[in-house]
Amino acid sequence: FTEEKFGQAEKTELDAHFENLLARADSTKNWTEKILRQTEVLLQPNPSARVEEFLYEKLDRKVPSRVTNGELLAQYMADAASELGPTTPYGKTLIKVAEAEKQLGAAERDFIHTASISFLTPLRNFLEGDWKTISKERRLLQNRRLDLDACKARLKKAKAAEAKATLWNDEVDKAEQELRVAQTEFDRQAEVTRLLLEGISSTHVNHLRCLHEFVKSQTTYYAQCYRHMLDLQKQLGRFPGTFVGTTEPASPPLSSTSPTTTAATMPVVPSVASLAPPGEASLCLEEVAPPASGTRKARVLYDYEAADSSELALLADELITVYSLPGMDPDWLIGERGNKKGKVPVTYLELLS
């Protein structure tokens, strides 16, 4: 081996196909390690927690259940609401958000568990099982090749000595016999190693299936998060005085100085005596008559289920006409669709120019 490194010995070269198999196997191993490590970071960003989980795994002990960040935040919010007043608007909102964060934490826990089983475990099994077997057989092949090259070198020296002595040398027979044995062992080991390397294709198929499972679990997780937050947004939208998102002022002045300013403001209809802010009196929607010019079109972003007869149910992607009323909660607008009208939450709309 040392002589090869210094270019003082001949080396038996493997065929091009075999070399490609070796390169493909090394590439698979390297990228599997990188994907595994980064997925672990994604599922558990805390490096100390990852080290703890690694130690438990090596000790073959069950990893203790750990509270997720969402669940911890939910606990803090619930405690804050209890101390600051659960009946105040802030306290009520804290409780609602805490419930949502707890659900998000539970969804995160399920995602981590599913991803670990369906994705991380197969990758670890490859690195700690199949790859170790491949590495072992490659080392054996390397030794067999070195033995073969050593036998070739001895035979070459024996033949050179025979030529100089001009007589048959027993060393030549011995060297030729050793060379045949070494060649046989090398060929056998090369075949074993080749079969293992060709099995990398099956590994890719297995990892592909696991990758689909990972994407499926991640999709499920984010879908759950979306539903939980959408429900939370609906609940907060029904709280008087609760601010959800960034909304426009309730009664901005109309401007005719530039098209941009006009498009960015919400028209206001004249005050109606029977209309009062939410919580003070019910809206008499039948008496609301929007001005001929002073309304805007809006596209609905999400489905919305009306909580009572004063609200207008919405379907995602539909277009409605909206306008504001003096004294209304800034998080709400009046929406019209055909002959139906009612209050709609601003956060569910995309106001169009």
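Residues numbered from 1 in each chain as written. Predicted model: local features only at pLDDT ≥ 70, side-chain atom pairs only at ≥ 80, totals over all residues. Heavy atoms only, no water.

Going by what an unreviewed UniProt entry lists, the protein is known as Endophilin-B2 and is assigned to Colobus angolensis palliatus. The protein has a UniProt comment under Sequence similarities (unreviewed entry) that states "Belongs to the endophilin family." Taken directly from UniProt, the Subunit (unreviewed entry) text for the protein runs: "Homodimer, and heterodimer with SH3GLB1." (UniProt positions renumbered as here; feature names shortened; annotations may be inferred.)

1. So, the side chain of Thr-39
Assignment of secondary structure puts Thr-39 in helix 2 (residues 16–43). For Thr-39, a relative accessible area of 8% gives the class buried. Once residues lying within four places of it in the same chain are set aside, the contact partners of Thr-39 are Phe-119, Leu-120 and Phe-214. (Helix = DSSP H or I, 4+ residues; strand = E, 2+ residues; numbered from the N terminus. Buried < 20%, exposed > 50% of the residue type's maximum accessible area, 1.4 Å probe, protein only. Contact = heavy atoms within 4.5 Å.)

2. As for the sheet that holds strand 2 (residues 319–323)
In spatial order, the strands read 4-3-2-1-5; together these five strands make up an open sheet with antiparallel pairing. Two strands lie at the open edges of the sheet, namely strand 4 (340–345) and strand 5 (349–351), each paired on one side alone. Across this sheet, the average inter-strand angle for adjacent strands is 40 degrees, counted without regard to direction. Inspection of the sheet shows strand 2 paired to strand 3 (residues 332–337) by three bridges, in the antiparallel sense. Residue pairing in the sheet places Val-322 in a bridge with Gly-335 of strand 3. (Pairing = 2+ DSSP bridges. Axes fitted to C-alpha atoms, helices over the stretch in contact; angles between N-to-C directions.)

3. Observations regarding the packing of helix 2 against helix 6 (residues 170–198)
What describes two packed helices is the angle between their axes and the distance between those same axes. The geometry of helix 2 relative to helix 6 is characterised by a closest axis approach of 10 Å and an angle of 50 degrees between their N-to-C directions. Classified by the angle between their axes, helix 2 and helix 6 sit oblique to one another. Crossing hand, helix 2 versus helix 6: left-handed. Here His-17, Phe-18, Leu-21, Leu-22 and Ala-25 of helix 2 come into contact with helix 6, specifically with Ala-190, Thr-193, Arg-194, Leu-197 and Glu-198. Of the residues contributing to the contact of helix 2 with helix 6, the split by class is six nonpolar, two polar and two charged. (Parallel < 35°, antiparallel > 145°, perpendicular 65-115°, else oblique. Left-handed = near helix turned anticlockwise from the far one by under 90°. Nonpolar A, V, L, I, M, F, W, Y, C, P; charged D, E, K, R; others polar.)

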